Amino acid sequence: MIKKLITHIVKSIVVEQDKVRVEDQTNGATYVVHIWVAQDDMKRIIGKEGRVIKAIRALINSLSSAQQIDVVLDSQA
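These figures come from a predicted structure and were not determined experimentally.

Criteria and cut-off values
- Residues numbered from 1 in each chain as written.
- Predicted model: local features only at pLDDT ≥ 70, side-chain atom pairs only at ≥ 80, totals over all residues.
- Heavy atoms only, no water.
- Helix = DSSP H or I, 4+ residues; strand = E, 2+ residues; numbered from the N terminus.
- Rg over C-alpha atoms; globule rule 2.2 N^0.38 Å.
- Buried < 20%, exposed > 50% of the residue type's maximum accessible area, 1.4 Å probe, protein only.
- Contact = heavy atoms within 4.5 Å.
- Areas by Shrake-Rupley, 256 points an atom, 1.4 Å probe, with all protein chains shown as cover.
- Lys, Arg positive; Asp, Glu negative; His and termini not counted.
- Charge placed at Lys NZ, Arg CZ, Asp CG, Glu CD.
- Core = buried A, V, L, I, M, F, W, Y, C linked by side-chain atoms within 4.5 Å.
- Pairing = 2+ DSSP bridges.
- Salt bridge = Lys/Arg side-chain N within 4 Å of Asp/Glu carboxyl O.

Caption draft 1: Representation of the overall build of the protein in the model. For the protein, the helix and strand inventory stands at three helices and three strands. In the protein, the succession of α and β elements from N to C terminus is α-β-β-α-α-β. Expected size for 77 residues packed as a compact globule is a radius of gyration near 11 Å; at 12 Å, the protein falls within 12% of this value. The principal-axis extents of the C-alpha atoms in the protein amount to approximately 35 × 20 × 15 Å. Sorting the 77 residues of the protein into buried and exposed places 34% on the buried side. Taking all contacts inside the protein whose residues are at least 6 apart in sequence as the whole, residues at least 24 apart take part in 58%. When the accessible surface of the protein is totalled, it reaches about 4900 Å², and 50% of it is carbon and sulfur. Of the charged side chains in the protein, 11 are positive and 9 negative, and the gap between their average positions amounts to 4 Å.

This is the structure we're talking about:
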């Protein structure tokens, strides 16, 4: 569910939606989500002063706290 939500959010922000790749893995009690986007779209994901990525993290953390798991976002171009 979290992977689908992140994919939807990221694809709605970026220009090159076909280059978005989201992968997840479980590392013990931690759920790690890796996000790949085109180099030009990286600034859209980060946002001014990191506001966009912080908002995405806040949303995901609120969902994950209800499920009692730790989620780590890792974005790469």
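Caption draft 2: Representation of the nonpolar core within the structure. Among the nonpolar cores identified, the biggest contains 18 residues, and I6, V10, V33, I35, V37 and L73 are the most heavily contacted of them. For this core, the secondary-structure elements that each account for two or more residues are α1 (2-13), β2 (30-36), α2 (42-46), α3 (51-67) and β3 (70-76). In terms of residues, this core owes the most to one element, α1, which gives four residues.

Caption draft 3: Representation of the pairing of strand β1 (residues 21-27) in the model. With seven bridges joining them, β1 and β2 adopt antiparallel strand pairing. Within β2, the residue paired with R21 across the bridge is W36. Here β1 folds back onto β2 in antiparallel fashion, the turn holding two residues, of which G28 has a positive phi close to 70°.

Caption draft 4: Main features of the pattern of salt bridges. On inspection of all chains with the given rule, the structure shows five salt bridges. Salt-bridge contacts for K3 lead to D24; the nearest nitrogen and oxygen are separated by 3.9 Å. Separated by 21 residues along the polypeptide, K3 in helix α1 and D24 in strand β1 bring together distant segments of the chain. The class for D24 is partly exposed, based on a relative accessible area of 34%. Across the salt bridge formed by E16 and K19, the nearest N and O atoms sit 3.2 Å from each other. Taking the relative accessible area as the measure of exposure, E16 reaches 26% and is therefore partly exposed. What makes K19 partly exposed here is its relative accessible area of 48%.

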